[in-house]
Amino acid sequence: MKVTIIGAGAIGGLLGTKLAAAGEAQVSALARGATLAALRERGWRVKQGDALTAAPVAAAHALDDAAKLGVQDLVIIAVKGPALAQVAASMAPLIGTQTMVLPAMNGVPWWFCHGVAPFGDAPLASVDPDGAIGAAIPMASVIGCVVHASAATPEPGLVDHRMGRGLIVGEPGGGTSERVQRLAGVLARAGFEVKASENVRLDIWYKLWGNLTMNPVSAITGATIDRLLDDPLVRAFCSSAMREAAAIGAKIGCVIDQSPEDRHEVTAKLGAFKTSMLQDVEAHRPIELDALVSVVREIGERVNVATPNIDALLGLTRLFGRVHGLYPQ
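All values derive from a computational prediction rather than experimental measurement.

Reading the values: the criteria
- Residues numbered from 1 in each chain as written.
- Predicted model: local features only at pLDDT ≥ 70, side-chain atom pairs only at ≥ 80, totals over all residues.
- Heavy atoms only, no water.
- Phe/Tyr/Trp six-rings, centres within 6.5 Å; stacked < 30°, edge-to-face > 60°.
- Buried < 20%, exposed > 50% of the residue type's maximum accessible area, 1.4 Å probe, protein only.
- Lys NZ or Arg CZ within 6 Å of the ring centre and 35° of its normal.
- UniProt positions renumbered as here; feature names shortened; annotations may be inferred.
- Helix = DSSP H or I, 4+ residues; strand = E, 2+ residues; numbered from the N terminus.
- Salt bridge = Lys/Arg side-chain N within 4 Å of Asp/Glu carboxyl O.
- Axes fitted to C-alpha atoms, helices over the stretch in contact; angles between N-to-C directions.
- Left-handed = near helix turned anticlockwise from the far one by under 90°.
- Contact = heavy atoms within 4.5 Å.
- Nonpolar A, V, L, I, M, F, W, Y, C, P; charged D, E, K, R; others polar.
- Domains from an automatic or database assignment.
- Buried area = accessible area lost by both parts, 1.4 Å probe.
- Polar contact = N/O pair within 3.5 Å; in protein donor to acceptor, adjacent residues only side chain to side chain.
- Core = buried A, V, L, I, M, F, W, Y, C linked by side-chain atoms within 4.5 Å.

(A) Just the packing of aromatic side chains, in detail. Under the defined criterion, the tally for this structure stands at 3 aromatic pairs. When the centroid spacing of 6.2 Å and the interplanar angle of 45° are considered together, the rings of Trp 111 and Phe 112 count as tilted. For the pair Trp 111 and Phe 112, one class covers both residues: buried. Among the aromatic residues, ring-to-ring pairing joins Trp 111, Phe 112 and Trp 205 into one connected group. Over the face of the ring belonging to Phe 192 we find Lys 18, whose NZ or CZ atom lies 6.0 Å from the ring centre. Residue placement shows Arg 201 over the ring face of Phe 112; its charged tip is 4.6 Å from the ring centre.

Take a look at the structure:
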């Protein structure tokens with residue numbers, strides 16, 4: 001299998017390293033700058049505790065030009081949301097009629113409401129404002145994905161894998177398929193705990209249901225999630241926003257059968273954990289606010305669910321991001 005990773009950061013580097021080390025796939029990377037240089041010099045690298053997993057990258061398979069790689073069997077997109085439009089515009093040389101495109105990204109993807117009433121084929125303006133992403137990446141190529149793993153990049157080209165090996169993959173329209181089963185097998189043999197889902201949209205919404213609040217609240221407060229959940233006022237605010245998101249999910253076929261308190265108990269087991277958005281703030285990287293919060297508000301408007309708590313969360317985090325140069329003016 002020919003695989004290309006676009007965005008060899010924390011999650012992309014983790015996927016690339018494990019797939020390359022398993023030896024079942026020819027793994028290439030589309031990268032740039034210091035990350036590209038590190039891949040060419042040192043190859044794929046993931047450390048977990050004292051253990052290091054490494055795999056070489058041939059010069060011909062670490063590039064900054066998709067046209068030089070040609071059509072792939074699998075393209076994994078692991079960039080931050082704000083970079084996706086630019087990435088999508090460059091992907092055409094990688095995609096053939098049988099290519100699978102796996103977005104291993106946070107939040108609600110651009111394709112999430114495709115064909116769902118009352119959205120039809122209209123793009124989600126929050127994550128694909130002019131429909132350019134949907135136009136560049138054929139819907140027939142997309143495989144839905146949820147990543148349950150925590151990783152960071154202490155230096156370009158090196159991944160610090162902290163916890164989790166979970167991956168959920170599935171057809172965007174639901175049901176089962178041979179290609180999803182085949183993909184799940186490849187990922188499982190690379191060392192991931194893989195679920196082939198018959199309703200990956202629900203899996204995406206369920207993960208979002210927790211991240212919707214924990215990520216932005218941690219970003220604007222600087223607090224780890226244990227401190228967020230220990231504060232009764234913050235915990236209650238997060239629960240109120242989650243109830244709004246659950247009401248939206250019920251309107252779009254993504255029914256959440258837990259209470260916010262149920263989810264808080266699960267989240268609390270992570271302890272003093274820094275969310276990905278807090279890590280981005282500390283590294284002065286753009287925050288992925290639109291795919292986590294703006295899009296939920298947009299979907300709520302379309303299905304006539306009021307979202308006063310989500311609105312407040314979006315407004316506060318958006319202003320924080322603009323003041324600190326982490327979100328567009």
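Additional details are given in the paragraphs that follow.
(B) Quick look at the UniProt feature "domain: Ketopantoate reductase C-terminal" (unreviewed entry) in the chain. In the numbering adopted here, UniProt assigns the feature "domain: Ketopantoate reductase C-terminal" (unreviewed entry) to residues 199–318. For residues 199–318, the helix share is 74%, the strand share is 0%, and the end-to-end C-alpha distance is 31 Å.

(C) The pattern of salt bridges, seen in detail. Counting across every chain of the model gives 17 salt bridges. Among the salt bridges present, the one from Arg 42 reaches Glu 41, with a minimum N-O distance of 3.8 Å. Residue Arg 42 is classed as partly exposed on the basis of its relative accessible area of 42%. The salt bridge partner of Arg 162 is Asp 160, with a shortest N-O separation of 3.6 Å. Taking relative accessible area as the criterion, Asp 160 reaches 17% and is therefore assigned buried. Within the structure, one salt-bridge network assembled from shared partners comprises Lys 80, Asp 280, Arg 285 and Glu 288.

(D) Focus on the packing of helix 11 (residues 289–302) against helix 12 (residues 308–323). Between helix 11 and helix 12, the least distance of the axes is 9 Å, while the angle of their chain directions is 145°. Between helix 11 and helix 12 lies a crossing whose hand is left-handed. In this structure, helix 11 contributes Leu 289, Val 293, Ser 294, Val 296 and Arg 297 to the contact, and helix 12 contributes Ile 310, Asp 311, Leu 314, Thr 317 and Arg 318. Counted by class, the contact of helix 11 with helix 12 contains 5 nonpolar, 2 polar and 3 charged residues.

(E) Representation of the environment of Asn 106. If you trace the backbone, Asn 106 turns up in the loop between strand 7 (100–103) and helix 4 (132–136). With 105 residues separating them in the primary sequence, Asn 106 and Asn 211 have C-alpha atoms 8.8 Å apart.

(F) Region of the structure containing the domain arrangement of the chain. On domain assignment, one finds that the chain holds domain 1 (2–198) and domain 2 (202–324). The straight-line distance from the C-alpha centre of domain 1 to that of domain 2 is 24 Å. If you look at the interface, domain 1 gives 30 residues, while domain 2 gives 24 residues. Note on domain 1 versus domain 2: buried area summed over both sides is about 2300 Å², and carbon and sulfur give 61% of it. When the buried area of domain 1 at its contact with domain 2 is split by residue, Asn 106, Phe 112 and Ser 126 rank highest and sum to 24% of it. Between Lys 195 and Asp 203 there is a salt bridge, and its shortest N-O distance comes to 3.5 Å. The interface formed by domain 1 and domain 2 holds 11 residue pairs in polar contact (both at pLDDT 80 or more) in total. Within the residue set of the side of domain 1 that touches domain 2, elements represented by two or more residues are strand 8 (144–155) and strand 9 (158–170). Ranked by residues supplied to the side of domain 1 that touches domain 2, first place goes to strand 8 with 7 residues. Looking at the side of domain 1 that touches domain 2, its residues break down into 20 nonpolar, 7 polar and 3 charged.

(G) Region of interest: the nonpolar core. Core analysis: the biggest nonpolar cluster contains 62 residues, and Met 91, Phe 112, Leu 124, Ile 137, Trp 205, Val 296 and Ile 299 have the highest contact counts within it. Elements with a minimum of two residues in this core: strand 6 (74–77), helix 3 (84–89), helix 6 (200–221), helix 8 (232–251), helix 10 (276–282), helix 11 and helix 12. Residues lining this core come from more than one domain, with at least three contributed by each of domain 1 (2–198) and domain 2 (202–324). Among residues more than four places away in sequence, those in contact with Ile 137 are Ile 77, Ala 88, Met 91, Val 101, Trp 110 and Val 142. Core analysis: the second largest hydrophobic core is formed by 39 residues, Leu 14, Trp 44, Val 57 and Ala 62 among them.

(H) Molecular detail of the UniProt feature "domain: Ketopantoate reductase N-terminal" (unreviewed entry) in the chain. Within the UniProt annotation, "domain: Ketopantoate reductase N-terminal" (unreviewed entry) is assigned to residues 3–171. With 20% helix and 32% strand, residues 3–171 has end C-alpha atoms that lie 19 Å from one another.

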